[in-house]
Amino acid sequence: MSNRMPREEGLDHSLSLMREGYLFIANRRHSFQSDVFETRILGKKAICMGGMEAAALFYDNDKFIRKGAAPNRVVQTLFGKKGVQTLDGQEHMHRKEMFMALMSTEGMKSLFNIATEQWEAAIHKWEGQQTVVLYEEVKELMCRIACEWAGVPLEEEEVKRRTKDLSAMFESPAAIGPAHWMGRWARNRTEAWIEELINEVRNGSLQPPEHTALHTFSWHRDLNEELLDVKTAAVEVINILRPIVAIAIFINFTALAVHQFPEKTKKLINGDEAYVQMFVQEVRRYYPFFPFVTAKVKQDFVWKDFQFKKGTLTLLDLYGTNHDPKIWNHPEMFSPERFEYWDGSPFAFIPQGGGDYFLGHRCAGEWVTVELLKVSLHYLVKEMDYELPKQDLSYSLVSVPSIPHSKIVLEHVKSKEV
Ligand code: HEM
């Protein structure tokens, strides 16, 4: 026996999804007073859900699969074909291990060293500029860090072009029309670039350091002991480069938090390493990034008396879960202190997905993200002085991805006097 899931009446709600953005699922969870409801998106029945229990269900591999879940326009821009995001079962776990092998203590140390050096160079450059548009500059900075860490050679004259293409992929997935096509062309160009490098690695004319993504993925063998086809290997190297550039969005929000919450910033200046970590976590909880993730029901099952039918598209509310009043006290307050006694549940705090890194689809780059945000926060607060001229620092909860409208303009950037 099963109950009827609360259902949104009407033929299609894709337009409302575009109009309400990050709040689409949360608005309906609130009005239905239910963490699960049914709607129609892109002409098809879809289940939306959010909250801790729903997240635990979503990451149960016996209940949900990823094959065919992501809309084609997202695969064509953000993910790339045959990437780890679209795999299930043993094949997924084997591919995921390849990613997680990069996330070792040594890997994080090397990332820290590269990031520190690149931040020093960036501040030096910004000192000579009238104004700095932080979002644009930091994307370039992240592109340099990403390529160096991944073992991908990057000539100085390529930096702007490659940054633009890598950014177009994550700036375009929800777009329609020209912006979407920019994303697709950017992906095609980037895949061609990385495919050429993988061919060079395999024929011995390029030797990236061991343990880098370019080296590891070029020589990775699948479950049949075969090398990945060149296109898939390139898609996976881009799955390292592109999201590192995307951290620029969180760095922009970090700079915004430093400005918006001066009393917390004071604690950063006087506080310890633990407070830096809590501040970064709160930035990732508080500000919008990915609104939701998608999967499909693997086979019919009943949960809390609700029927889930095989093949139904299911959306898990990431933003809404990070702002769920059942999980977080005063979720609309920016409060790094909330992480002091946080229990670390893998299904409550899910800006980059939830569950287990190795068994499920939780973001492979979460440690990279936290590390790069900590380094960036250090430089923003402790290593540079700057002023923020009058500008529009507001951000939208509708457009995805959201960034502060002014992209954060800085003036009079100077290294702090020692
Ligand atoms: C910029 C901040 C980032 C955000 C907000 C973010 C968010 C996410 C989300 C929501 C997912 C999907 C989880 C799911 O499907 O259940 C994901 C997956 C993934 N992310 Fe990230 N990510 C970020 C940074 C990174 C970085 C820096 C890397 C690599 C260095 C990375 C690599 C990946 C990979 C490879 C996957 C696919 C994992 C899988 O399917 O098993 N991400 N990320």
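Keep in mind that what you see is a predicted model, and the values were worked out from it rather than measured. (Residues numbered from 1 in each chain as written. Predicted model: local features only at pLDDT ≥ 70, side-chain atom pairs only at ≥ 80, totals over all residues. Heavy atoms only, no water.)

Draft legend 1. Main features of the sheet that holds strand β4 (residues 131–133). Reading across from one edge, β4-β10-β9 is the order of the 3 strands in this open sheet, with antiparallel pairing throughout. Only two strands of the sheet have a single partner each, and these edge strands are β4 and β9 (384–387). Across this sheet, the average inter-strand angle for adjacent strands is 50 degrees, counted without regard to direction. As paired strands, β9 and strand β10 (residues 409–415) are joined by 3 bridges and run antiparallel to one another. Opposite Asp 385, over in β10, you have Lys 414 as the bridge partner. Taken strand by strand, helix α15 (residues 366–383) contacts β9 and β10, and its axis lies near 75 degrees from that of β9. (Pairing = 2+ DSSP bridges. Helix = DSSP H or I, 4+ residues; strand = E, 2+ residues; numbered from the N terminus. Axes fitted to C-alpha atoms, helices over the stretch in contact; angles between N-to-C directions. Contact = heavy atoms within 4.5 Å.)

Draft legend 2. Molecular detail of the packing of helix α13 (residues 273–286) against α15. Put simply, α13 and α15 touch, their axes get as near as 10 Å, and they point 115 degrees apart. The handedness of the crossing between α13 and α15 is right-handed. Only Glu 366, Thr 369, Val 370, Leu 373, Lys 374 and Leu 377 of α15 make contact with α13, whose side of the interface consists of Glu 273, Val 276, Gln 277, Phe 279, Val 280, Gln 281 and Arg 284. Taken together, the residues of the contact of α13 with α15 break down into 6 nonpolar, 3 polar and 4 charged. (Left-handed = near helix turned anticlockwise from the far one by under 90°. Nonpolar A, V, L, I, M, F, W, Y, C, P; charged D, E, K, R; others polar.)

Draft legend 3. Inspection of the pattern of salt bridges at higher detail. In total, this model carries 32 salt bridges according to the counting rule given. For Arg 29, the salt bridge is made with Asp 35, and the minimal N-O distance between the two is 3.2 Å. Overall, Arg 29 belongs to the buried group, its relative accessible area being 9%. The closest approach of N and O atoms between Glu 191 and Arg 187, which form a salt bridge, is 2.7 Å. A residue pair is termed a helical-turn pair when its members lie 3 or 4 positions apart in one helix, as Glu 191 and Arg 187 do in helix α9 (residues 178–202) at 4 residues. (Salt bridge = Lys/Arg side-chain N within 4 Å of Asp/Glu carboxyl O. Buried < 20%, exposed > 50% of the residue type's maximum accessible area, 1.4 Å probe, protein only.)

Draft legend 4. Structural context of the site of the ligand. Near the ligand there are 29 residues, and of these Tyr 59, Arg 66, His 92, His 361 and Cys 363 occur at the shortest range. The side chain of Arg 66 places a nitrogen or oxygen atom 2.6 Å from an oxygen atom of the ligand. Here an oxygen atom of the ligand sits 2.7 Å away from a polar atom, N or O, in the side chain of His 92. Residue assignment for the shell around the ligand shows that the elements contributing at least two residues are α5 (89–100), α11 (230–260) and α15. Here the shell around the ligand gets 7 residues from one element, more than from any other, and that element is α11. Partitioned by chemical class, the residues of the shell around the ligand number 17 nonpolar, 9 polar and 3 charged. (Near = heavy atom within 4 Å. Polar contact = N/O pair within 3.5 Å; in protein donor to acceptor, adjacent residues only side chain to side chain.)

Draft legend 5. Representation of the pairing of strand β2 (residues 44–50). Burial of β2 is extensive: 5 of the 7 residues sit out of reach of the surface. In this sheet, β2 lies alongside strand β1 (residues 36–41) in antiparallel orientation, the contact comprising 6 bridges. Looking across to β2, one finds that Thr 39 is bridged to Ala 46. In sequence, β1 turns back onto β2 through a hairpin of 2 residues, with Leu 42 there showing a positive phi of about 50 degrees. The sheet contact formed by β2 and strand β8 (residues 313–317) spans 5 bridges and is parallel. If you follow Gly 50 over to β8, its bridge partner there is Asp 317.

Draft legend 6. Structural detail: helix α4 (residues 72–79). Judged by how many residues are buried, α4 sits mostly within the fold: 6 of 8 residues are covered. Within α4 the residues assigned to the buried category are Val 74, Val 75, Gln 76, Thr 77, Leu 78 and Phe 79. Its buried side turned inward, α4 meets α8 (159–171), α9 and α11. Looking one or two residues past α4, Gly 80 carries a phi angle of roughly 90 degrees, positive in sign.

Draft legend 7. Layout of the sheet that holds β1. If you walk across this open sheet you meet the 5 strands as β1-β2-β8-β5-β3, and the pairing is mixed. Each having just a single partner strand, β1 and β3 (64–65) make up the two edges of the open sheet. Packed onto the sheet, helix α2 (residues 24–32) meets β1, β2, β5 (292–297) and β8 and runs at close to 130 degrees relative to β1.

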